[in-house]
Amino acid sequence: MTRTIVESKSKTAIIGFDQPFCVIGERINPTGRKKLAAELEAGDFSTVEKDALAQVVAGASILDINAGVVYNSNPNPNETEPPLMTAIIELVQGLTDIPLCIDSSVPAALEAGLKAAHGRPLLNSVTGEEERLEFVLPLVKKYNVPVVAISNDDTGISEDPDVRFAVAKKIVERAADFGIPAHDIVVDPLVMPIGAMATAGKQVFTLVRRLREELGVNTTCGASNISFGLPNRHGINNAFLPMAMGAGMTSAIMNPVALPVPAAKIAEKRAEVAAAGIVLPEDMDDEAFCQLFGLGSTQPRPGKEMEAIRAANLLTDNDAHGGAWIEFNKVAPKAGHEGRGRAGRTGGRRRRA
């Protein structure tokens, strides 16, 4: 069985056909996050710290680190991104020992990340573009790391799945020329938005099967791409991920965290409840209120996609004895109720008189 080994100084994540689905947490990425980008330019890493820890708690096996900020003070990422990549990696490694994925389109930032990372990180990424192949593959060989291979080349991204398969095959063959084995290549077949291409889901499932059966490689994707532009994206993602797993996909770059309910939304709902004449206990806190009215939680927690993945692991026999599913569904006791049994009673069973 193909197994891709990703390591930190003390932990190992395995991407493989016979392994639980590998979740690569995507939150440490300033793309499309203006607040995070501004913080990073100002040297403020507080959001990075929160995102790193929240993703680990939610069940990520690997953390993707992307330092792609275009500074207002210096728009040249070749100068700004390498030192920022180093700083973020060193910070995250000081918080958690989870393996890392170094994610950049800037060649110097990739090498800076490789120098800073402990163990055996995943490199993200190489494409079929000649310039990219000639730079990234020697890095992969030099540092002996696995790499994400994205199925586009100098002609761009093809809507034809056969062309994307051919690009993936080309990358695997070129990697072999450098002495890089197929088990160190994790192919991203490129998930298209189903809102723009009705056959996007079917295309990916077919591609993943071919990549597994014909090239023997592990696969990944940007999981949320499938639902881009559509309502109830979580609902689509929740269906897509188990189906992709069933086709043979072994990992995904995704957000494992359900973000906290905003205070404004809680206040708005409280006003609605009060206007409806519903009287609530005076001591009901926001967390209890959110749970009662199905709003979510005031704390970061595993998202619904993680629930779908855990269930699919169980159904595909990649969860020994269902232990991970049982652990995932344990309800944490409320404060002051630790050590209590069913219905909050202390002690063991009540004896009959």
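1. Here we look at the overall build of the protein
Piece 1. A tally of regular secondary structure across the protein gives 12 helices and 12 strands.
Piece 2. Radius of gyration (C-alpha) of the protein: 22 Å, near the 20 Å computed for a compact globule of 353 residues.
Piece 3. Viewed in the frame of its principal axes, the protein has a C-alpha envelope of about 75 × 50 × 45 Å.
Piece 4. A buried classification covers 46% of the 353 residues belonging to the protein.
Piece 5. Within the protein, residue pairs in contact and separated by at least 24 positions form 69% of the contacts whose partners lie at least 6 positions apart.
Piece 6. As displayed, the protein offers around 18,000 Å² of accessible surface, 53% of which is attributable to carbon and sulfur atoms.
Piece 7. Measuring between centres, the 37 positive side-chain charges of the protein sit 10 Å from its 43 negative side-chain charges.

2. Structural notes on helix α4 (residues 107–116)
Piece 1. Within α4, seven of the 10 residues are buried, leaving the element largely enclosed by the surrounding structure.
Piece 2. Regarding α4, the residues found buried are Ala109, Leu110, Glu111, Ala112, Gly113, Leu114 and Ala116.
Piece 3. Where α4 is buried, its residues touch α3 (77–95), β5 (100–103), β6 (122–127) and α5 (130–143).

3. Focus: the side chain of Ser227
Piece 1. Residue position: Ser227 is located in the loop between β9 (218–219) and α8 (233–247).
Piece 2. Of note is the side chain of Ser227, whose polar atom sits 2.9 Å from the side chain of Asn237.
Piece 3. When neighbours within four sequence positions are excluded, Ser227 is seen to be in contact with Arg233, Ile236 and Asn237.

4. Some thoughts on the side chain of Thr219
Piece 1. Structurally, the position occupied by Thr219 is in strand β9.
Piece 2. By relative accessible area, Thr219 is classed as buried at 1%.
Piece 3. Apart from the residues within four sequence positions on either side, Thr219 is in contact with Val186, Val187, Val208, Leu211, Gly248, Met249, Thr250 and Ser251.

5. Observations concerning the pattern of salt bridges
Piece 1. The tally for this structure, following the rule as stated, stands at 16 salt bridges.
Piece 2. Among the salt bridges present, the one from Arg27 reaches Asp51, with a minimum N-O distance of 3.9 Å. With Arg27 in the loop between β3 (22–25) and α1 (34–41) and Asp51 in helix α2 (residues 46–58), this pair connects stretches of sequence that are 24 residues apart.
Piece 3. By relative accessible area, Arg27 is classed as buried at 16%.
Piece 4. As a salt-bridge pair, Arg210 and Glu214 come within 3.0 Å of each other at their nearest N and O atoms. In this pair, Arg210 and Glu214 are both assigned in helix α7 (residues 200–215), four residues apart and thus about one turn of the helix distant.
Piece 5. A relative accessible area of 24% places Arg210 in the partly exposed class.
Piece 6. Each of Glu130, Glu134, Lys170 and Arg174 takes part in a single network of salt bridges with overlapping partners.

6. Digging into the packing of α8 against helix α11 (residues 304–315)
Piece 1. At a closest axis distance of 9 Å, the pairing of α8 and α11 adopts a crossing angle of 25°. The angle between α8 and α11 places the two elements in the roughly parallel class. Read as a crossing pair, α8 and α11 show a hand that is right-handed. Residue-level inspection shows His234, Asn237, Asn238, Leu241, Pro242 and Met245 of α8 in contact with α11, the latter providing Lys304, Glu305, Ala308, Ile309, Ala312 and Asn313.
Piece 2. Considered class by class, the residues forming the contact of α8 with α11 number six nonpolar, four polar and two charged.

7. With respect to the nonpolar core
The tendency in soluble globular proteins is for nonpolar side chains to be buried side by side.
Piece 1. Of all hydrophobic cores here, the largest spans 47 residues; its most connected members are Ile88, Val92, Leu123 and Ile185.
Piece 2. Val204, Cys221, Ala223 and Ala252 belong to the second-largest nonpolar core, a separate cluster that totals 23 residues.

8. Focus on the packing of aromatic side chains
Piece 1. According to the stated counting rule, one finds three aromatic pairs in the structure shown.
Piece 2. A ring pair is formed by Phe205 and Phe240, whose centres lie 5.9 Å apart and whose planes are at 25°; its orientation type is stacked. With Phe205 in helix α7 and Phe240 in helix α8, this pair connects stretches of sequence that are 35 residues apart. The same class applies to Phe205 and to Phe240, which are both buried.

9. Notes on the sheet that holds strand β10 (residues 251–254)
Piece 1. Strands sit in the order β9-β8-β7-β6-β5-β4-β3-β10 across an open sheet of eight strands; the sheet is parallel. The sheet terminates laterally at β9 and β10, the two strands that pair on one side only.
Piece 2. Pairing of β6 with strand β7 (residues 147–150) involves four bridges; the strand directions are parallel. Paired with Val126 across the strands is Ala149, a residue of β7.

10. Digging into the pairing of β10
Piece 1. A two-sided burial pattern is seen for β10, the buried positions comprising Ser251 and Ile253 on one face and Ala252 and Met254 on the other.
Piece 2. Bridge count for β3 against β10 is four bridges, and the pairing is parallel. Across the sheet, the residue bridging to Cys22 is Ser251, located in β10.

11. Overview of the environment of Met192
Piece 1. Structurally, the position occupied by Met192 is in the loop between β8 (185–188) and α7.
Piece 2. Looking at Met192, the relative accessible area reads 13%, which means it is buried.
Piece 3. Here the alpha-carbon distance between Met192 and Gly222, two residues 30 residues apart in the chain, equals 9.6 Å.
Piece 4. The contact partners of Met192, leaving out residues within four places of it in the chain, are Ile157, Ser158, Glu159, Arg164, Met197, Ala200, Asn225 and Ile226.

Calculation notes
Residues numbered from 1 in each chain as written. Predicted model: local features only at pLDDT ≥ 70, side-chain atom pairs only at ≥ 80, totals over all residues. Heavy atoms only, no water. Helix = DSSP H or I, 4+ residues; strand = E, 2+ residues; numbered from the N terminus. Rg over C-alpha atoms; globule rule 2.2 N^0.38 Å. Buried < 20%, exposed > 50% of the residue type's maximum accessible area, 1.4 Å probe, protein only. Contact = heavy atoms within 4.5 Å. Areas by Shrake-Rupley, 256 points an atom, 1.4 Å probe, with all protein chains shown as cover. Lys, Arg positive; Asp, Glu negative; His and termini not counted. Charge placed at Lys NZ, Arg CZ, Asp CG, Glu CD. Polar contact = N/O pair within 3.5 Å; in protein donor to acceptor, adjacent residues only side chain to side chain. Salt bridge = Lys/Arg side-chain N within 4 Å of Asp/Glu carboxyl O. Axes fitted to C-alpha atoms, helices over the stretch in contact; angles between N-to-C directions. Parallel < 35°, antiparallel > 145°, perpendicular 65-115°, else oblique. Left-handed = near helix turned anticlockwise from the far one by under 90°. Nonpolar A, V, L, I, M, F, W, Y, C, P; charged D, E, K, R; others polar. Core = buried A, V, L, I, M, F, W, Y, C linked by side-chain atoms within 4.5 Å. Phe/Tyr/Trp six-rings, centres within 6.5 Å; stacked < 30°, edge-to-face > 60°. Pairing = 2+ DSSP bridges.

This is a description of form; function is not addressed.
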